[in-house]
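Given next are the chains, with one letter for each unit.
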Amino acid sequence: MTKKVELLSPAGDLERLKIALLYGADAVYIGGREYSLRANANNFSLEEIKEATSFAHKLGKKVYLTLNIVFHNEDLEGVYEFIKEVVDAKIDAFIVSDPFLIRYIKENFNVEVHLSTQGSTTNKEAIRFWKKEKVDRVVLAREVSIKEIKEILDEVEIDLEVFIHGAMCTFYSGRCCLSNYFTNRDSNRGGCAQVCRFAFDIEGHEEKFTIATKDLNMAEYLDKLIDTGVKSLKIEGRMRSLYYLATVISSYRRLIDDYYNKTLTKEKIKKEEKILSRVANRETSTHYYMKQADYKDQYYTGRQELSNQDFLGLVLSYDKVDKIATLTQRNYFKENDEVEIFTPSGKTYSFTIDKVYDKDMNSIEVARHPEEIIKLKVDFPIEENSMMRVRIK
């Protein structure tokens, strides 16, 4: 039986990690409290890393740890001790950009090393070099096309990982210093202020100017990416919400499974793209995969990012006897609203809300307070960690 391509999800904290794995990710990538490029995420303490690997391994899944800052001398303090502690916590792989760490880890520990996209690897000779350095996987630069990926894998046998969905850096595979200059925060050491998304005033022009990229979305061309022979498909977003992760992961899980089951159709792709478009707040493109990226793949003026209000609640429990679902409310909903609940096992149920109750089963007409405990009469059993959203028609 053909081994399926890996679906790899971000996880900014333990709660997100569990949701990502429950909703279909095969592996997650996380950051520790140090040495990670997403310093503003909650990230993981050593104890949380141990809990994360234990949870994932019980499901037969994996956890990768980012160790991908650009190291300066002062950053070296404690890194060797940290690596040993994380190996002892049973991490499955390190995602690394600095060459000295690759060699150190491979010489001292029996653990995989994945070259970070920060390595800006774009050609077959660079891949050969990293293979000689015993790198187990290369995360390609985002500036590589599908044609180039195929050319690489036709000549070099190695695990390749590529991005398929989410925000993309405006500059070469994350190698940007705008944040350093504008805000004194080092983007390559975890402090990116996303200056590329700032709106700038230009003298003589009423409209503001940005250099921000649109988000990546490869749902339509997922089959072409898998056909190249890549081993891992990565979602971006350690700072994203639980709802975003559950939605995006479950959509790509269905697309990947349909590909291998030979049931992937244009209609199914369109349906998933509609779901994906509802959870995003930016336009999307395929960037470099299908052609050389150009002005159509970026925002320059008039960009709007609207807050998504579709996520209505997270299911905490379900009483099979009374047929009552208990959830924490996230956005406004009321009686007679048309909603749907999607589950970690991949099922989606549509229904119209009949009655809304507070935590003490007092009838209320409207749920209007985020994080309030709400109860609903639901005629079908629902798994814990299922999510309720506005019905997508």
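These numbers were taken from a predicted model, which means no experiment stands behind them.

Rules used in this analysis
Residues numbered from 1 in each chain as written. Predicted model: local features only at pLDDT ≥ 70, side-chain atom pairs only at ≥ 80, totals over all residues. Heavy atoms only, no water. Helix = DSSP H or I, 4+ residues; strand = E, 2+ residues; numbered from the N terminus. Rg over C-alpha atoms; globule rule 2.2 N^0.38 Å. Buried < 20%, exposed > 50% of the residue type's maximum accessible area, 1.4 Å probe, protein only. Contact = heavy atoms within 4.5 Å. Areas by Shrake-Rupley, 256 points an atom, 1.4 Å probe, with all protein chains shown as cover. Lys, Arg positive; Asp, Glu negative; His and termini not counted. Charge placed at Lys NZ, Arg CZ, Asp CG, Glu CD. Salt bridge = Lys/Arg side-chain N within 4 Å of Asp/Glu carboxyl O. Pairing = 2+ DSSP bridges. Phe/Tyr/Trp six-rings, centres within 6.5 Å; stacked < 30°, edge-to-face > 60°. 1 Å grid on protein atoms, 1.4 Å probe; cavity = no way out; pocket = protein on both sides within 12 Å on 5 of 7 lines; lining within 4 Å. Points joined across faces, edges and corners; volume = space filled by probe spheres on them. Nonpolar A, V, L, I, M, F, W, Y, C, P; charged D, E, K, R; others polar. Domains from an automatic or database assignment. Buried area = accessible area lost by both parts, 1.4 Å probe. Polar contact = N/O pair within 3.5 Å; in protein donor to acceptor, adjacent residues only side chain to side chain. Axes fitted to C-alpha atoms, helices over the stretch in contact; angles between N-to-C directions. Parallel < 35°, antiparallel > 145°, perpendicular 65-115°, else oblique. Left-handed = near helix turned anticlockwise from the far one by under 90°.

Draft legend 1. Quick look at the overall build of the protein chain. Scanning the protein chain for helices and strands turns up ten helices and 20 strands. Taking 21 Å as the expected radius of gyration for a compact globule of 393 residues, we find that the protein chain reaches 22 Å, a close match to that expectation. Projected onto its principal axes, the C-alpha coordinates of the protein chain cover approximately 65 × 60 × 45 Å. Counting all 393 residues of the protein chain, 52% fall into the buried class. When contacts within the protein chain are restricted to residue pairs at least 6 apart in sequence, those whose partners lie at least 24 apart make up 66%. A total accessible area of about 19,200 Å² is found for the protein chain, and carbon and sulfur atoms account for 48% of it. The distance from the centre of the 60 positive side-chain charges to the centre of the 64 negative ones in the protein chain is 4 Å.

Draft legend 2. Up close: the pattern of salt bridges. For the structure on display, the rule yields 34 salt bridges. Lys-234 is the salt-bridge partner of Glu-161, the closest N and O atoms lying 2.8 Å from each other. Of this pair, Glu-161 sits in strand 7 (residues 159-166) while Lys-234 sits in strand 9 (residues 232-235); the two residues are 73 residues apart in sequence, bridging distant segments of the chain. Lys-234 carries the same exposure label as Glu-161, and that label is buried. One continuous salt-bridge network, built from bridges that share partners, spans Lys-4, Asp-26, Arg-253 and Asp-257.

Draft legend 3. Expanded view of the sheet that holds strand 16 (residues 356-358). Strand order in the open sheet formed by eight strands is 15-14-20-11-12-19-16-17, and the pairing between neighbours is antiparallel. A single partner strand is all that each edge strand has here, and the edge strands are strand 15 (348-352) and strand 17 (363-364). Looking at chain direction, strand 12 (residues 324-329) and strand 19 (residues 373-377) are connected through five bridges and run antiparallel. Along strand 19, the bridge assignment pairs Thr-328 with Ile-373.

Draft legend 4. Structural context of the packing of aromatic side chains. Tallied over the entire structure, the rule returns eleven aromatic pairs. A ring pair is formed by Tyr-243 and Phe-311, whose centres lie 4.7 Å apart and whose planes are at 5°; its orientation type is stacked. Taken as a pair, Tyr-243 in helix 9 (residues 242-260) and Phe-311 in strand 11 (residues 311-319) lie far apart in primary sequence, 68 residues in all. Residue classification places Tyr-243 among the buried positions, given a relative accessible area of 4%. For Phe-311, a relative accessible area of 8% gives the class buried.

Draft legend 5. The arrangement of the layout of surface pockets in detail. The calculated volume of the second largest pocket comes to roughly 400 Å³. If you trace the second largest pocket, you find 17 residues lining it, with Lys-3, Lys-4, Glu-6, Lys-62 and Lys-231 closest to the centre. Tallied by class, the residues present in the lining of the second largest pocket amount to five nonpolar, two polar and ten charged.

Draft legend 6. Representation of the domain arrangement of the protein chain. Per the domain assignment, the segments making up the protein chain are domain 1 (6-297) and domain 2 (311-390). Its C-alpha centre places domain 1 at a distance of 33 Å from the equivalent point of domain 2. Each side of the interface is counted separately: domain 1 has eleven residues, and domain 2 has eleven residues. Broken down residue by residue, the surface that domain 1 buries against domain 2 is led by Leu-22, Tyr-23 and Tyr-243, which jointly contribute 56%. The interface formed by domain 1 and domain 2 holds zero salt bridges in total. Seen at the junction of domain 1 and domain 2, the total is two residue pairs in polar contact (both at pLDDT 80 or more). Listed by contribution, the elements that provide at least two residues to the side of domain 1 that touches domain 2 are helix 1 (14-22), helix 9 and helix 10 (266-279). Looking at the side of domain 1 that touches domain 2, the element that brings in the most residues is helix 9, giving six residues. Grouping the constituent residues of the side of domain 1 that touches domain 2 by class yields seven nonpolar, two polar and two charged.

Draft legend 7. Quick peek at the pairing of strand 14 (residues 338-342). Of all five residues in strand 14, four are buried, a share of seventy percent or more. As paired elements, strand 14 and strand 15 share five bridges and run antiparallel to each other. The residue bridging Glu-340 from the neighbouring strand is Ser-350, located in strand 15. Connecting the antiparallel pair strand 14 and strand 15 is a turn made up of five residues, with Gly-346 showing a positive phi of about 100°. In the sheet, strand 14 pairs with strand 20 (residues 387-390) via four bridges, with the strands oriented antiparallel. Bridge pairing in strand 20 links Glu-340 to Arg-389.

Draft legend 8. Highlighting the packing of helix 1 against helix 9. At a minimum axis distance of 9 Å, the contact between helix 1 and helix 9 shows a crossing angle of 20°. Relative to helix 9, the element helix 1 is oriented roughly parallel. Crossing of helix 1 over helix 9 shows right-handed handedness. Two secondary-structure elements touch here, helix 1 through Glu-15, Arg-16, Ile-19 and Ala-20 and helix 9 through Leu-242, Leu-245, Ala-246 and Ile-249. Of the residues in the contact of helix 1 with helix 9, the class split is six nonpolar, no polar and two charged.

Draft legend 9. Structural detail: helix 1. Residues Leu-14, Arg-16, Leu-17, Ile-19, Ala-20 and Leu-21 constitute the buried set of helix 1. Close packing links the buried residues of helix 1 with strand 1 (6-10), strand 2 (27-31), helix 2 (46-58), strand 3 (62-67), helix 9 and strand 20. The residue sitting at the N-terminus of helix 1 and contributing the capping side-chain oxygen is Asp-13; that oxygen lies 3.3 Å from the backbone nitrogen of Glu-15. Just downstream of helix 1, Gly-24 is the residue with a positive phi angle, here 125°.

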